[in-house]
Amino acid sequence: GARVQSSIADSEEWAALVRHVEETKDLHLRDLLADEERCASMMKACATRDEVTDDGYSPSIVLDYSRNNVTQETMRLLFALAEKAQLRDKIDAMLGGEKINVTEDRAVLHTATRAPADAIIEVDGRNVVPDVHDVLAKIKDFSERVRNGEFRGSTGKTLKDVVVIGIGGSYLGPAFVHTALKNGTHRMPESRPDLPYVAPKLAAKGRTLHFLANVDPIDVADALEGLDQERTLVVVVSKTFTTAETMLNARTVRAWYVSALGEAAVRSHMVAVSTNLEAVASFGISPENAFGFWNWVGGRFSACSAVGALPLALHYGMRTVRDFLGGARDMDLHFAQTANTPRQCLPAMMGLLAFWNHAVCGLPARAVLPYAQALEKFPAHVQQLSMESLGKGVTAAGGPLLAKSATGEVIFGEPGTNGQHSFYQLMHQGHVVPADFIGACESQAPTNLEGEAVSSHDELMSNFFAQPDALATGKAEGVLRAEGVPEELVPHKVFEGGRPSTVLLMPRVDAFTVGQLLSLYEHQTAVEGFLLGVNTFDQWGVELGKALAKRVRAQLQASRKESDGPARVDGFNHSTTRMMEHYLTHSS
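Conventions adopted
- The residue count restarts for each chain, going from 1 along the sequence in the order it is written.
- A pLDDT threshold of at least 70 governs which residues receive local features in this predicted model, and a stricter bar of 80 or more applies before side-chain atom pairs are shown or counted, although totals over entire chains, interfaces and linings include all residues.
- To obtain the side-chain values, all non-hydrogen atoms of the structure were used and water was disregarded.
- A pair is scored as a salt bridge if a Lys or Arg side-chain nitrogen falls within 4 Å of a carboxyl oxygen belonging to Asp or Glu.
- Secondary structure is summarised from DSSP: a helix means a run of H or I of at least four residues, a strand means a run of E of at least two, and numbering begins at the N terminus for each.
- Accessibility here uses a 1.4 Å probe with only protein chains present; expressed as a share of the type maximum, an area under 20% marks a residue as buried, one over 50% as exposed, and anything in between as partly exposed.
- Start and end positions for the domains come from either an automated domain assignment or a database one.
- A fitted line through C-alpha atoms serves as each axis, taken over the contacting stretch for helices, and the angle formed by two N-to-C directions is quoted from 0 to 180°.
- Angular relationships are summarised with four words: roughly parallel below 35 degrees, roughly antiparallel beyond 145, roughly perpendicular across 65 to 115, and oblique for the angles in between.
- In this scheme the handedness of a crossing depends on how the near helix is turned from the far one: anticlockwise by less than a right angle means left-handed, clockwise means right-handed.
- Residues are treated as being in contact if the distance between any of their heavy atoms lies within 4.5 Å.
- Note: two strands are recorded as paired if DSSP finds a minimum of 2 bridges between them.
- Clockwise travel from the first strand over the helix to the second, with the strands pointing away from the viewer, marks a crossover as right-handed.
- The definition of a nonpolar core used throughout is a set of buried Ala, Val, Leu, Ile, Met, Phe, Trp, Tyr and Cys residues joined through side-chain atoms within 4.5 Å.
- The length a helix should cover is 1.5 Å for every residue beyond the first.
- The arc in question is formed by the directions pointing from the helix axis toward the C-beta atoms.
- Polar contact is defined as a pair of N or O atoms within 3.5 Å, subject to the rule that within protein one atom must be able to donate a hydrogen and the other to accept it, and that residues adjacent in sequence are counted only when both atoms are side-chain atoms.
- Working definition: rings of Phe, Tyr and Trp (its six-membered ring) pair if their centres are within 6.5 Å, and the pair is stacked with planes under 30 degrees apart, edge-to-face with planes over 60 apart, and tilted otherwise.
- When the NZ atom of lysine or the CZ atom of arginine is within 6 Å of a ring's centre and also within 35 degrees of its normal, the charge is said to sit over that ring.

Time to look at the pattern of salt bridges. Across all of its chains, the model carries 27 salt bridges by this definition. The salt bridge partner of Asp141 is Arg145, with a shortest N-O separation of 3.3 Å. Of the two residues, Asp141 and Arg145 both sit in helix α6 (residues 129-147), four residues apart, roughly one turn of that helix. The exposure class of Arg145 is partly exposed, given its relative accessible area of 24%. Linking Lys157 and Glu230 is a salt bridge whose minimum nitrogen-to-oxygen distance equals 3.5 Å. Of this pair, Lys157 sits in the loop between α6 and β5 (161-165) while Glu230 sits in the loop between α9 (217-224) and β7 (232-237), and the two are 73 residues apart along the sequence. Ionic contacts of the salt-bridge type, sharing partners, join the residues Asp64, Arg67 and Asp469 into one network.

Structure below.
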């Protein structure tokens, strides 16, 4: 416990970094990018396996961080700080099942949800890996029975449409993975004779998958639009089976079933991902159709547990899920093997660079920019993963933060090229916003239009390669004048450049690389949290709003019962009282 909480605020390593910001403030990325030796040292591939398939496909992600405002000396100082912060020990403690979530006294073992069956990972002296594989076997059995028509709805029809009810980590991660895979038509190396490979798009033919997260009734209407109770299966995802929004939505959908098929139908049409079997049973779901996970898996880190695996297995089959878990495990392996040498370790490098940009240099935001429409839901997932993990007001030991800026970054993003026509203006000429550019060598849907100079994917990637350089190098007054730009427009067309970005190039977007990407960002977040000294794995900041909402709910209930005269609201501040009275008066 104690060693996980050392602060680096008083260290010479931290002071040296703070001084270094001042010493390097006049360096420009234009010049740093001209240093070929520097740039060559800042490109890394994550290759844990030497696997190259017959068609030359190699499943390694390449990281290029040369467009960050860092020199070799900056990196040396960052590595020294990482050592002072005992980064390696903290990583080992996490991967080894120590209870590093100190405020909740929990281990942090999302990596166990994709561990190989023969691994040994102990919590309180007990190996948890067999439990993980029991749940995976149960998911395989159930999803195969649903997909082959053995498990049917209450009227004997096969179940083709799946609705997943969950919010936060029970929604954002699985929805990101589903969106990333739904158009996947790639071949995969045939390495699992027990689970023959079918491309995700073909494996899901004739099936639909929907997510219901928001308690707004419009989200319910959207999710159930055009669905037939007899052919629909619902997965309710809530660890405790008490999450307010999820349970109200679950009751709403249960009523939808009961109205058409009667009370008895619930058992054939609703299943649960939960640890609270009593609550599951009293809801009317058969406990044998409840898929467990554990308190050592945090919600925003749960995409590889039953939370993600069950919906994905129902929609795509178990082979796709195995490939996805395999990719996540591959990155876990890379992380564990290289954590001693951070400069070879992709998650550590990305964590150190994010720490440099926001904690040391004070840049408060980061843009996540996937140049792949398949990854359109990735920014929303990273938003929760990073902001809920790192947005803390004190260190894990309860002390003051390293610096005012040493809390989480504001994360936002859109797929490229959409973002270019939206917020890149500010990134080029307004605030300095470090960015992650994520692209893929192969498209999921290659399109070559006759008469066009390049394929659609090449057009997309032309922008992917151009934007980081535009941000980094900018355009100076002298160049504009030489181009004959009218003098009065020169100041408007100057790009100062020097704006940092990191480039990630994936071989393609498939189940394996999506697993790698998910794990890469999970570990980057953990590394950043270890450096900041915060508890990355709790989220006390979500509690206060929930508690106040209970009071508001009780007030609305009471006010709706008063039939005589205008609604009265008591016990709230003036502003809230007036707005609630207005709401009550103007809503039926």
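Turning to the domain arrangement of the protein, a few remarks are in order. In terms of domains, the protein is made up of domain 1 (8-96 + 339-538), domain 2 (122-321) and domain 3 (541-586). On a C-alpha basis, the centres of domain 1 and domain 3 stand 44 Å from each other.

Further remarks concern the packing of helix α16 (residues 378-390) against helix α21 (residues 511-532). Following both chains from N to C, one finds α16 and α21 inclined at 25°, their axes separated by 10 Å at the closest point. With respect to each other, α16 and α21 are oriented roughly parallel. As for how α16 packs across α21, the hand of that crossing is right-handed. Residues Phe378, His381, Val382, Leu385, Ser386, Ser389 and Leu390 of α16 pack against Leu517, Leu518, Tyr521, Glu522, Thr525, Glu528, Gly529 and Leu532 of α21.

For a regular strand, the rule is simple: side chains alternate between the two faces of the sheet. Residues Met270 and Ala272 point to one face of strand β8 (residues 270-273) and Val271 and Val273 to the other, with burial holding for every one of them. Here four bridges tie β7 to β8, and the two strands are oriented parallel to one another. In the sheet register, Val237 faces β8, and the bridge partner there is Val273. Two strands pair when backbone bridges link them, and β8 and strand β9 (residues 290-291) are joined in this way by two bridges, in the parallel orientation. When the bridges of β9 are listed, Val273 appears paired with Phe291. In this fold, the crossover linking β8 to β9 by way of helix α12 (residues 277-283) has right-handed handedness.

Here we come to the sheet that holds strand β6 (residues 208-212). Across the sheet, which stays open at both edges, the five strands sit in the order β6-β5-β7-β8-β9 with parallel pairing between neighbours. Looking at strand neighbours, the two that pair on one side only are β6 and β9, the edges of this open sheet. As defined by bridge partners, β5 adjoins β7 across five bridges and the pair is classed as parallel. Paired with Val162 across the two strands is Leu233, which belongs to β7.

This paragraph deals with the sheet that holds strand β12 (residues 435-440). Taking strand neighbours across the sheet as the criterion, the six strands line up as β1-β2-β13-β12-β10-β11 in an open arrangement whose pairing is mixed. Single-partner strands in this sheet number two, and they are β1 (43-46) and β11 (410-412). Strand-to-strand twist in this sheet, taken as the mean axis angle between neighbours without regard to direction, amounts to 15°. Examined bridge by bridge, strand β2 (residues 61-64) and strand β13 (residues 501-506) share three bridges and lie antiparallel to one another. By the bridge assignment for β13, Asp64 is matched with Val503. Running over the sheet, α21 touches β1, β2, β10 (365-370), β12 and β13 and is turned about 150° from β13.

Structurally, the position occupied by Val360 is in helix α15 (residues 346-360). Distance from Val360 to Leu17, taken between C-alpha atoms, is 7.3 Å for residues 343 residues apart in sequence. The residues contacting Val360, other than those within four sequence positions of it, are Trp14, Leu17, Val21 and Phe355.

Moving on to the nonpolar core. Judged by nonpolar contacts, the single largest core of 120 residues is most densely connected at Trp296, Phe355, Leu375 and Tyr521. It is α21 that provides the largest number of residues to this core, a total of eleven residues. Those residues in contact with Leu375, other than ones at most four positions away along the chain, are Phe176, Ala180, Pro370, Ile438, Met506, Val509 and Leu517. If you look at the next biggest cluster of nonpolar residues, it comprises 22 residues, including Val163, Ala223, Val266 and Val280.

The next subject is helix α23 (residues 574-586). Between its terminal C-alpha atoms α23 stretches 18 Å, which fits the 18 Å expected from 13 residues at 1.5 Å a residue. When we look at burial in α23, the residues that qualify are Thr577, Met580 and Leu584. Looking down the long axis of α23, one finds its buried residues gathered within 70° of arc, a one-sided arrangement. Away from its buried face by more than 90 degrees, α23 exposes His574, Ser575, Met579, Thr585 and His586. Next to the buried residues of α23 lie α22 (543-561). Put simply, Asn573 is the residue that caps the front of α23, since its side-chain oxygen is 3.2 Å from the backbone nitrogen of Ser575.

Evaluated as defined, the whole model comprises 15 aromatic pairs. Aromatic side chains Phe176 and Phe378 sit 4.8 Å apart centroid to centroid with 45° between the ring planes, which places their arrangement in the tilted category. Here Phe176, found in helix α7 (residues 172-181), pairs with Phe378, found in helix α16; they are 202 residues apart in sequence, far enough to count as distant. By the burial criterion, Phe176 is buried, and Phe378 matches it. Aromatic side chains Trp294 and Trp296 sit 4.8 Å apart centroid to centroid with 5° between the ring planes, which places their arrangement in the stacked category. Exposure class is identical for Trp294 and Trp296. Each is buried. Of the aromatic side chains, those joined through ring pairs into one cluster are Tyr371, Phe437, Phe464 and Phe465. Above the plane of the ring of Phe291 lies Lys138, whose end atom (NZ or CZ) is 5.2 Å from the centre.

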